[in-house]
Amino acid sequence: MKCPKCEDQQLAGAAVRGIEVDRCPRCGGIWFDVKELGALMASHPSDLKPLARGKNDDSTDARAGLCPRDQSRMIRVRSARKPTVIVETCPTCRGLWLDGGELGELLLP
Ligand SMILES: [Zn+2]
Ligand SMILES: [Zn+2]
């Protein structure tokens, strides 16, 4: 799958507690399939910390992304977990994209 924010950049798989997530080595953004982030946040949030790289960069954040799975235009929504963080969700597959730095913000207490 390609990064929704970087041109021609393939996402790299990373396994967390047996769940495969996809991360962009360039911008630090991460793709979670539906329910993956919620499941990990509920069970082992500290295991997500090594994935939290990059910093939240407004130019990346403002760019509308297409879902890496089905190319639907993703919708920007406030995270239910932390309303100050704007994440992107796919209306088709319900997956979730976090820009670089956003996962780190979600993990802050
Ligand atoms: Zn990227
Ligand atoms: Zn999708």
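Our subject is the structure listed above.
Bear in mind that the values here come from a model prediction, so they are computed numbers and not experimental data.

### Some points on the coordination of the zinc ion (ligand 1)
At 2.3 Å from the zinc ion (ligand 1) lie its protein donor atoms, namely Cys 3 (SG), Cys 6 (SG), Cys 24 (SG) and Cys 27 (SG). Here the zinc ion (ligand 1) binds four donor atoms, and the angle range of 105 to 114 degrees at the metal identifies the geometry as tetrahedral. Coordination of the zinc ion (ligand 1) draws on donor residues from a single chain, spaced C-x2-C-x17-C-x2-C in sequence. Exposure remark for Cys 24: the relative accessible area of 2% places this residue in the buried category.

### Topic: the sheet that holds strand β4 (residues 75-78)
On the basis of which strands lie adjacent, the open sheet formed by six strands has the order β1-β2-β3-β6-β5-β4 and antiparallel pairing. Each of the sheet's edge strands pairs with one partner strand only, and the pair in question is β1 (12-16) and β4. Across the sheet, the axes of successive neighbouring strands diverge by a mean angle of 35 degrees, strand direction being ignored. Packed onto the sheet, helix α1 (residues 36-43) meets β1, β2 (19-23), β3 (30-32) and β6 (96-98) and runs at close to 115 degrees relative to β2.

### Regarding the nonpolar core
Within the largest apolar cluster, 17 residues are counted, with the highest numbers of intra-cluster contacts made by Phe 32, Leu 37, Leu 48, Leu 51, Leu 98 and Leu 103. Of all the secondary structure elements, the ones that give two or more residues to this core are β1, β3, α1, β6 and α3 (102-107). Other than its neighbours up to four places away in sequence, Phe 32 contacts Val 21, Leu 37, Leu 40, Leu 48, Gly 95, Leu 96 and Leu 98. Residues Cys 3, Cys 24, Cys 67 and Met 74 belong to the second largest nonpolar core, which totals 10 residues.

Cut-offs applied
- Residues numbered from 1 in each chain as written.
- Chains lettered and ligands numbered in written order.
- Predicted model: local features only at pLDDT ≥ 70, side-chain atom pairs only at ≥ 80, totals over all residues.
- Heavy atoms only, no water.
- Donors = N, O, S within 2.8 Å, 3.2 Å for Na, K, Ca; no water.
- Tetrahedral: all angles 85-135°; square planar, octahedral: opposite > 155°, others 65-115°.
- Buried < 20%, exposed > 50% of the residue type's maximum accessible area, 1.4 Å probe, protein only.
- Pairing = 2+ DSSP bridges.
- Helix = DSSP H or I, 4+ residues; strand = E, 2+ residues; numbered from the N terminus.
- Axes fitted to C-alpha atoms, helices over the stretch in contact; angles between N-to-C directions.
- Contact = heavy atoms within 4.5 Å.
- Core = buried A, V, L, I, M, F, W, Y, C linked by side-chain atoms within 4.5 Å.

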